[in-house]
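# Residue-level structural notes
Each chain, letter by letter, is given below.
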Amino acid sequence: MKYYSTNKQVPLASLREAVIKGLAGDKGLYMPEHIRRIEADVIRQMPGMPFADIACIVADAFFGEDIEKETLENIVRDTLSFETPVVPVDRNRYSLELFHGPTLAFKDVGARFMARLLRHFLRDSAEPVHVLVATSGDTGSAVANGFLGVEGIQVHVLYPKGKVSPIQECQFATLGQNITALEVDGTFDDCQALVKAAFLDETLNAKLRLTSANSINVARFLPQSFYYFNAYAQMAARGVADEWVVCVPSGNLGNLTAGLFAAEMGLPVKRFIAANNRNDVFFEYLRSGKYEPRPSVRTIANAMDVGAPSNFARILDLYQHDHAEITRHISGAHYTDEEIADTIRRTFDETGYVLDPHGACGYQALCDSLTDKEHGVFLETAHPAKFKETVDAILDREIPIPDKLQAFMQGEKQSIALPNDFDCFKQYLLA
Ligand SMILES: *Cc1c(COP(=O)(O)O)cnc(C)c1O
């Protein structure tokens with residue numbers, strides 16, 4: 001399978017090139033040339049199948065032409081060392097819990113898959129690859145843990161000093177091995193600027209193999225379609241898969257785009273809802289047809305604080321820039337911090353279910369738009385304990401911390417302090 005850039009200014013790339021490069025040379029996003037449909041008969045057999053078996057079928061449709069069957073299956077099975085269960089919350093509303101992986105957030109799926117695929121493509125290369133990632137919290141932990149112990153790959157996580165929560169910091173700054181955490185005396189934007197400057201620096205690129213691991217990489221975003229099929233299978237097994245609506249708490253729109261791909265492959269979904277926080281550029285686009293990116297504002301659902309969603313270009317491309325077609329598939333919702341807090345409180349009081357601030361946007365959107373005949377699933381993108389200070393304050397109680405998170409908190413922080421200065425960063429990488 002070949003991959004084209006959404007900007008269409010560069011030649012087609014192989015899967016290997018697309019994964020190693022991340023962003024296309026014309027700054028477009030790579031798209032697979034074809035989206036292979038999965039036969040309805042095959043989809044009908046998914047209820048009752050193990051998640052990994054479902055994922056192998058979906059992975060084969062994307063990557064089967066490029067990677068030998070057994071290798072691909074090993075990558076998929078090795079990635080999915082955890083389940084993504086569908087849990088009933090209230091009436092016709094269900095939570096797809098994507099937080100049972102190592103860092104308790106959905107990004108584990110894409111990060112783990114990408115690490116293994118990159119390793120596969122670089123298996124015959126003696127030269128190490130350096131993955132650079134700037135993080136404001138969640139991405140750094142998923143990427144660091146996804147790549148932990150993967151031979152031949154060095155990961156450098158840049159994060160703003162004093163600006164990530166202690167729980168988030170310990171998830172990438174205590175790991176050691178091939179993971180180095182760089183504590184930058186600056187903001188998240190400074191960290192991102194340092195990473196961007198490194199990719200543009202000729203000396204660095206002549207001496208080192210650098211790559212990125214953000215959600216624009218096809219190897220990170222395509223595998224997210226696996227759990228949409230798994231969600232369908234679980235809903236169908238419960239007999240509630242008709243008039244099926246899926247709601248995705250959205251920031252950079254990678255997760256939603258993976259769902260739209262799944263729909264193109266034959267996933268029997270009626271419609272999607274994209275739930276934003278106050279950073280509602282996509283909501284506004286759906287409403288008005290105008291795309292007007294703007295600087296992000298801080299919210300309690302901070303992994304969705306995105307002012308210029310990177311995967312928007314993929315959604316436009318998928319539907320040939322046709323606004324009517326896009327709104328036929330997707331409707332929008334947006335919530336303030338106060339509304340998110342109310343939803344978390346009310347849902348806990350009425351059902352006992354503890355939402356995280358991101359999932360709360362998704363759940364509320366189902367409450368607001370689902371009809372009695374429809375069955376809704378929202379993606380619960382992270383475990384509430386990852387945002388413990390916020391959720392504890394809203395519920396006025398201590399929510400328990402899962403063992404996995406507790407284990408990180410016992411590790412010792414081993415970050416390297418770095419001034420906000422490109423030359424220092426460059427010297428560090430060359431040393
Ligand atoms: C990254 C993230 C999101 C947003 O996902 P996108 O693919 O960027 O839209 C939502 N919730 C959590 C917890 C996240 O970490």
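Higher on the page you've got the structure.
Residues numbered from 1 in each chain as written. Predicted model: local features only at pLDDT ≥ 70, side-chain atom pairs only at ≥ 80, totals over all residues. Heavy atoms only, no water.

### Some remarks on the pattern of salt bridges
- Inspection of the entire model under this criterion finds 24 salt bridges.
- Overlapping salt bridges bring together Asp53, Lys69, Glu73 and Arg77 as one network. (Salt bridge = Lys/Arg side-chain N within 4 Å of Asp/Glu carboxyl O.)

### Brief notes about the site of the ligand
- Lining the immediate environment of the ligand, one finds 14 residues, of which Lys107, Asp138, Gly251, Asn252 and Thr381 sit closest.
- Glycine 251 is positioned such that a nitrogen or oxygen atom in its backbone is 2.8 Å from an oxygen atom of the ligand.
- Within the complex, the protein chains bury 97% of what would otherwise be the 390 Å² of accessible surface of the ligand.
- Taken together, the residues that form the shell around the ligand break down as five nonpolar, seven polar and two charged.
- Formed jointly, the shell around the ligand draws a minimum of three residues from each of two domains, domain 1 (70-99 + 221-399) and domain 2 (105-214 + 402-431). (Near = heavy atom within 4 Å. Polar contact = N/O pair within 3.5 Å; in protein donor to acceptor, adjacent residues only side chain to side chain. Areas by Shrake-Rupley, 256 points an atom, 1.4 Å probe, with all protein chains shown as cover. Nonpolar A, V, L, I, M, F, W, Y, C, P; charged D, E, K, R; others polar. Domains from an automatic or database assignment.)

### Structural notes on the pairing of strand 12 (residues 375-380)
- Most of strand 12 sits out of view: six of its six residues are buried.
- Neither face of strand 12 is exposed, since His375, Val377 and Leu379 on one face and Gly376, Phe378 and Glu380 on the opposite face are all buried.
- Summarising the sheet, strand 4 (residues 93-97) and strand 12 pair through five bridges and their orientation is parallel. Looking across to strand 12, one finds that arginine 93 is bridged to glycine 376.
- Two strands pair when backbone bridges link them, and strand 9 (residues 244-249) and strand 12 are joined in this way by four bridges, in the parallel orientation. Its bridge partner lying in strand 12, valine 245 is registered against glycine 376. (Buried < 20%, exposed > 50% of the residue type's maximum accessible area, 1.4 Å probe, protein only. Helix = DSSP H or I, 4+ residues; strand = E, 2+ residues; numbered from the N terminus. Pairing = 2+ DSSP bridges.)

### Remarks on the packing of aromatic side chains
- Inspection of the entire model under this criterion finds 16 aromatic pairs.
- For the pair phenylalanine 63 and phenylalanine 113, a centre-to-centre distance of 5.4 Å together with 25° between the ring planes defines the contact as stacked. Here phenylalanine 63 is found in helix 3 (residues 51-63), whereas its partner phenylalanine 113 is found in helix 5 (residues 107-121), with 50 residues between them in sequence. In this pair, the class of phenylalanine 63 matches that of phenylalanine 113, namely buried. (Phe/Tyr/Trp six-rings, centres within 6.5 Å; stacked < 30°, edge-to-face > 60°.)

### Looking at unusual backbone geometry
- One non-glycine residue, glutamate 243, lies in the positive phi region at around 50°.
- One can find glutamate 243 in the loop between helix 11 (226-237) and strand 9.
- Even without a glycine there, the phi angle at leucine 253 is positive, about 70°.
- With respect to the helices and strands, the residue leucine 253 is situated in the loop between strand 9 and helix 12 (254-264).

### Comments concerning the environment of leucine 117
- By the element assignment, leucine 117 lies in helix 5.
- Look at leucine 117 and you get buried, because its relative accessible area is 0%.
- Considering only alpha carbons, one finds leucine 117 and isoleucine 153, 36 residues apart in sequence, at a separation of 12 Å.
- Not counting residues within four places of it along the chain, the set of residues in contact with leucine 117 comprises Val19, Ile67, Ile75 and Ala219. (Contact = heavy atoms within 4.5 Å.)

### Comments concerning the pairing of strand 4
- Here strand 4 lies mainly inside the structure; five of its five residues are buried.
- Side chains Arg93, Ser95 and Glu97 of strand 4 all project onto a buried face; the interleaved residues Tyr94 and Leu96 project onto the opposite face, where all are buried too.
- Looking at chain direction, strand 3 (residues 86-90) and strand 4 are connected through four bridges and run antiparallel. By the bridge assignment, valine 87 is partnered in strand 4 with serine 95.
- The antiparallel pairing of strand 3 with strand 4 creates a hairpin that spans two residues between the two strands, and arginine 91 there sits at a positive phi of about 45°.

### Notes on the environment of valine 157
- Here valine 157 is to be found in strand 6 (residues 153-160).
- Considered as a pair, valine 157 and alanine 193 are 36 residues apart in the sequence and their alpha carbons are 13 Å apart.
- In contact with valine 157, other than residues within four places in its own chain, are Val133, Thr135, Gly140, Ala144, Phe172, Ile179, Thr180, Ala181 and Leu182.

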